[in-house]
Amino acid sequence: MLQMNLEAKYDHQEEVLQAIQKLTKDLVASLAERWGGISSGVRSVEANSVVVDPEVMLLSTWRWGRTEPRIFDEVLRWCCYAGDEIDVSRLQALLKEQEEKDLHPLAGAFASVVVEQGKQKRWEKIASFTDINVIVSRPLFLNKDGTSLPIFGETDPIFLRYGWLRGAFVLRSAPFGGHLANASTGLRFLLRHLVGMGCKAEVLLALLMQETCTVKEIAGYSGYTERGILLALSDLERTGMLQSYGIEGGKRRYPSKRYALDHPRWWGFLDPQEQGDACVWRDHLRIYRAASVVWKALAGLSTQTVSAYKVRSVLARASKEAQHHLHQAGLRFALTDKEEATPHGLCALLAEVLV
């Protein structure tokens with residue numbers, strides 16, 4: 001009689017641990033490259049540079065930058081000096097989407113340093129994110145396999161207040177000397193300098209990088225609510241800065257319109273020499289969500305011993321959810337073929353979108 005033991009236990013720990021270390025390494029490398037471009041303050045790292053998303057980069061730093069203390073502290077130093085370049089309202093909205101219990105108190109501790117040492121008062125909104133139920137302090141910095149890194153020197157009092165153990169953070173001199181606002185990697189910063197923080201800058205960015213957009217599409221790119229995007233679009237349309245046309249079709253929550261900018265006119269103003277050719281658009285927010293799904297699935301499996309069936313089931317669900325985010329980001333490839341999802345297979349395919 002053929003017997004199938006789908007619940008047979010097996011030691012998957014080594015495979016999962018290797019995969020999560022590889023994925024974390026790739027994520028941190030991508031993060032370091034993007035922060036390096038911002039910190040240098042140059043127009044672009046190379047031709048056709050990707051427009052950076054500093055709020056998503058901060059979320060990634062708080063999640064994966066814990067494995068690289070040097071990068072974490074360089075980002076913290078940058079925010080102490082240039083924190084006014086960050087859209088704190090957008091960052092606050094994106095943080096509220098995060099379900100992990102560690103992310104809010106970590107963001108709160110980070111922001112508290114920016115407020116106290118960097119004198120960036122707007123960050124007080126983020127500093128209010130804390131875990132009032134903290135009983136035992138946890139190490140802030142981790143190895144890529146999730147184990148704790150050793151702590152050197154005196155404990156930082158600000159981080160300790162939020163339940164994190166780490167050595168004291170010392171604010172050194174400013175990390176950059178160039179200008180962030182440019183029509184290449186720094187296009188977001190440039191638009192914020194022109195129209196201010198908030199929905200309007202995100203609306204203009206989406207319409208500059210796409211032919212046309214709906215309210216829902218811009219909300220998905222930015223993380224702002226559809227109502228906030230609609231109000232920003234209405235204001236910009238009344239000034240003649242953009243055009244709209246109706247969409248035939250079914251019922252929609254908001255007016256059935258697509259919006260567009262006069263690209264030659266706008267790029268002639270923003271970037272007369274390149275006309276926007278130096279910019280490459282990537283939906284960093286949805287790529288971050290896809291990477292988070294796979295990373296959390298692997299992290300969960302690494303802490304327990306389960307059946308082979310359970311591993312396949314968890315990774316299949318993660319693959320499906322991550323693929324949904326990537327497809328929304330316009331990346332049309334499958335995370336898995338007909339073969340079963342494996343830890344290494346998922347990480348290898350996900351690494352393609354982190355380049």
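Here the structure is a predicted model, which means the values were calculated and not measured. (Residues numbered from 1 in each chain as written. Predicted model: local features only at pLDDT ≥ 70, side-chain atom pairs only at ≥ 80, totals over all residues. Heavy atoms only, no water.)

Regarding its fold elements, the chain presents 15 helices and six strands. Within the span of the chain, comprising 355 residues, buried residues form 50% of the whole. Residue pairs in contact within the chain that sit at least 24 positions apart in sequence constitute 74% of those at least 6 positions apart. When the accessible area of the chain is evaluated, it comes to approximately 17400 Å², of which 53% is carbon and sulfur surface. (Helix = DSSP H or I, 4+ residues; strand = E, 2+ residues; numbered from the N terminus. Buried < 20%, exposed > 50% of the residue type's maximum accessible area, 1.4 Å probe, protein only. Contact = heavy atoms within 4.5 Å. Areas by Shrake-Rupley, 256 points an atom, 1.4 Å probe, with all protein chains shown as cover.)

As a further point, take the confidence of the model for the chain. Residue-level pLDDT values for the chain average 81, and 85% of them are 70 or greater. Mean pLDDT values for the elements of the chain range from 75 in helix 15 (residues 343–351) up to 93 in helix 2 (residues 54–64). (pLDDT = per-residue confidence, 0-100.)

A word on the packing of helix 10 (residues 215–222) against helix 11 (residues 226–238). At a closest axis distance of 9 Å, the pairing of helix 10 and helix 11 adopts a crossing angle of 115 degrees. Like other packed secondary-structure pairs, helix 10 and helix 11 cross with a definite hand, here right-handed. Contacts between helix 10 and helix 11 involve Val215, Lys216, Ile218, Ala219 and Ser222 from the first element and Glu226, Ile229, Leu230 and Leu233 from the second. (Axes fitted to C-alpha atoms, helices over the stretch in contact; angles between N-to-C directions. Left-handed = near helix turned anticlockwise from the far one by under 90°.)

For the structure shown, the criterion picks out 20 salt bridges. Residue Lys257 is joined to Glu237 by a salt bridge in which the shortest nitrogen-to-oxygen separation is 3.9 Å. Taken together, the positions of Lys257 in strand 5 (residues 257–260) and Glu237 in helix 11 put the pair 20 residues apart, joining distant regions of the chain. Within this structure, Asp53, Glu55, Arg90, Arg188, Arg192 and Glu202 form a network of salt bridges that share partners. (Salt bridge = Lys/Arg side-chain N within 4 Å of Asp/Glu carboxyl O.)

Our focus in this paragraph is the environment of Glu15. Secondary-structure assignment places Glu15 in helix 1 (residues 13–40). With a relative accessible area of 29%, Glu15 lands in the partly exposed category. Each C-alpha atom of the pair Glu15 and Thr342 lies 9.1 Å from the other, and the pair is 327 residues apart in sequence. The residues touching Glu15, leaving out its near neighbours within four places in the chain, are Thr342, Pro343 and His344.

How two aromatic rings sit relative to each other is given by the distance of their centres and the angle of their planes. According to the stated counting rule, one finds nine aromatic pairs in the structure shown. Look at Phe72 and Phe141: their rings are 5.5 Å apart centre to centre, the planes differ by 80 degrees, and that puts the pair in the edge-to-face class. Pair noted here: Phe72 is in helix 3 (residues 69–82) and Phe141 is in the loop between strand 2 (138–139) and helix 7 (157–161), with a separation of 69 residues, a long-range link. Judged by its relative accessible area of 12%, Phe141 falls in the buried class. Each ring, one from Phe72 and one from Phe159, has its centre 6.4 Å from the other, and the planes form 55 degrees; the classification is tilted. Highlighted residues: Phe72 in helix 3 and Phe159 in helix 7, separated in sequence by 87 residues. For the pair Phe72 and Phe159, a shared accessibility class is recorded, and that class is buried. Members of the aromatic cluster, joined through ring pairs, are Trp62, Phe72, Phe110, Trp123, Phe141 and Phe159. Across from the ring centre of Trp164, 4.2 Å away, lies the NZ or CZ of Arg138, which sits over that ring. A cation over an aromatic ring shows up here: Arg166 above the ring of Phe159, its NZ or CZ 5.3 Å from the ring centre. (Phe/Tyr/Trp six-rings, centres within 6.5 Å; stacked < 30°, edge-to-face > 60°. Lys NZ or Arg CZ within 6 Å of the ring centre and 35° of its normal.)

A few words on the nonpolar core. Leu58, Trp62, Phe110, Trp123, Ile126, Phe159 and Leu298 are the most contacted members of the largest nonpolar core, which has 74 residues in total. Setting aside chain neighbours within four positions, we find Leu298 in contact with Val16, Ala19, Ile20, Leu23, Leu315, Pro343 and Cys347. Formed by 33 residues, the second largest nonpolar core is a distinct cluster that contains Tyr221, Leu242, Tyr259 and Trp267. (Core = buried A, V, L, I, M, F, W, Y, C linked by side-chain atoms within 4.5 Å.)

Moving on, we come to the side chain of Asp156. Structurally, Asp156 can be placed in the loop between strand 2 and helix 7. Excluding anything up to four places from it in sequence, Asp156 contacts Arg166, Gly167, Ala168 and Phe169.

In the contact formed by helix 2 and helix 3, the axes pass within 10 Å of each other and the chain directions differ by 140 degrees. In this structure, helix 2 crosses over helix 3, and the sense of that crossing is left-handed. Listed contacts from helix 3 to Leu58, Thr61 and Trp62 of helix 2 are Phe72, Val75 and Cys79.

Moving on to helix 10. A large share of helix 10 lies buried, amounting to six of its eight residues. Taken together, the buried positions of helix 10 are Val215, Ile218, Ala219, Gly220, Tyr221 and Ser222. Where helix 10 is buried, its residues touch helix 4 (88–96), helix 9 (199–209), helix 11, strand 5 and helix 13 (284–301). Just downstream of helix 10, Gly223 is the residue with a positive phi angle, here 90 degrees.

Moving on, we get to the side chain of Glu202. Relative to the helices and strands, Glu202 is located in helix 9. Take Glu202: its relative accessible area is 3%, and that puts it in the buried class. Contacts of Glu202, omitting those with residues within four sequence positions, involve Arg90, Arg188, Arg192, Ile218, Ser222 and Tyr224.

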